Amino acid sequence: MLIIGEKISVIAKKVREAMNARDPKPIQELAEAQWKAGAHFIDVNIGPAEDNGEDMMKWMVESIQQVVKAPLCLDTTNKSALEAGLKAHNNEWGRALINSTSNDPERFPILDLAAKHNAQIIALTVGKGGLPADAEERCGIAAEIMGRASEYGVPMEDIYLDPLILQVCTTQDQLSHALKAVRMFQELNDPPMKTVVGLSNVSNGVPKAMRSLIDKTYLSLLMYEGLTAAIAN
């Protein structure tokens, strides 16, 4: 079971302030804490990064890998920034993971970056048509992404299929569909496809005291279905 540490995100005030000030210390401390806690990858989420995205991602990657001997999960919608991060990434600690492509045509070119830079990639099973209704629709989207990835030269073993975890407080029925999708995704290929979820999504919006319990309980159910990796605290 692979854990991708989620704490370095532009959404967090501490991280955002460090990014704006180009102060590596708070970011490095978060990276080290996650690594020492057992994270196999460190997620680096810089958001859309429309201004100076390339420099920001390069700086983030280099700052983190100065102190952590682990591969990074590069998370941004800015393709140029993503490529800058892939170029800066030290593959001595493992290959980078891209977060993410999807069935949205705007995200197709990300597959080209994965092939070009020998990176692994997360594939969200969602497209422009809105959220998938059930596990079967998620599998249909996954199959389309897999076929497209093959055309771009991305090996099936480098893809992590993501069923898109939604909030338990608003979409309880979708959680059972996501569990089923994790099981069904593995049947789409031989050897089985890898799977990943953004775990903390499940407890967004619930009282803070309950979040850890909900996350751990749902993770146990996902692991029973054969989950490969989780982006988690």
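Let me sum up the structure you'll find in this document. (Residues numbered from 1 in each chain as written. Predicted model: local features only at pLDDT ≥ 70, side-chain atom pairs only at ≥ 80, totals over all residues. Heavy atoms only, no water.)

**Observations regarding the pairing of strand β8 (residues 229–232)**
Neither face of β8 is left uncovered, since the one carrying Ala229 and Ile231 and the one carrying Ala230 and Ala232 both have all their residues buried. Pairing between strand β1 (residues 2–9) and β8: four bridges, direction parallel. Residue Gly5 lies in a different strand from β8, and its bridge partner there is Ala232. Handedness of the crossover joining strand β7 (residues 194–198) and β8 through helix α8 (residues 208–224): right-handed. (Buried < 20%, exposed > 50% of the residue type's maximum accessible area, 1.4 Å probe, protein only. Helix = DSSP H or I, 4+ residues; strand = E, 2+ residues; numbered from the N terminus. Pairing = 2+ DSSP bridges. Right-handed = clockwise from strand over helix to strand, strands pointing away.)

**Quick word on α8**
Compared with the 24 Å implied by 1.5 Å per residue over 17 residues, the 26 Å span of α8 between its first and last C-alpha is a close match. Considered for burial, the residues of α8 that qualify are Ile214, Asp215, Tyr218, Leu219 and Leu222. Projected onto a plane normal to the axis of α8, the buried residues spread over an arc of 130° and lie on a single side. Across α8 from its buried face, at more than 90 degrees, point the exposed residues Ala209, Leu213, Lys216 and Tyr224. (Expected span 1.5 Å × (residues − 1). Arc of directions from axis to C-beta.)

**Considerations on the packing of aromatic side chains**
A complete count under the given rule lists zero aromatic pairs for this structure. Taking the ring centre of Phe108 as reference, the NZ or CZ of Arg148 above it sits at 3.7 Å. (Phe/Tyr/Trp six-rings, centres within 6.5 Å; stacked < 30°, edge-to-face > 60°. Lys NZ or Arg CZ within 6 Å of the ring centre and 35° of its normal.)

**Notes on the side chain of Thr76**
Mapped onto the elements of the fold, Thr76 is located in strand β3 (residues 72–76). At 2.6 Å, the side chain of Thr76 and the backbone oxygen of Gly47 are in polar contact. Within the structure, the side chain of Thr76 is placed 3.1 Å from the backbone nitrogen of Asn78, a separation counted as a polar contact. (Polar contact = N/O pair within 3.5 Å; in protein donor to acceptor, adjacent residues only side chain to side chain.)

**Thoughts on the nonpolar core**
Judged by nonpolar contacts, the single largest core of 49 residues is most densely connected at Ile8, Ile46, Met60, Ile98 and Ile159. Sort the elements by how many residues they give to this core and helix α6 (residues 135–152) lands first, with seven residues. Residues in contact with Ile46, not counting those within four places in the same chain, are Val10, Met19, Gly53, Met56, Met57, Met60, Asp75, Thr76 and Ala81. (Core = buried A, V, L, I, M, F, W, Y, C linked by side-chain atoms within 4.5 Å. Contact = heavy atoms within 4.5 Å.)

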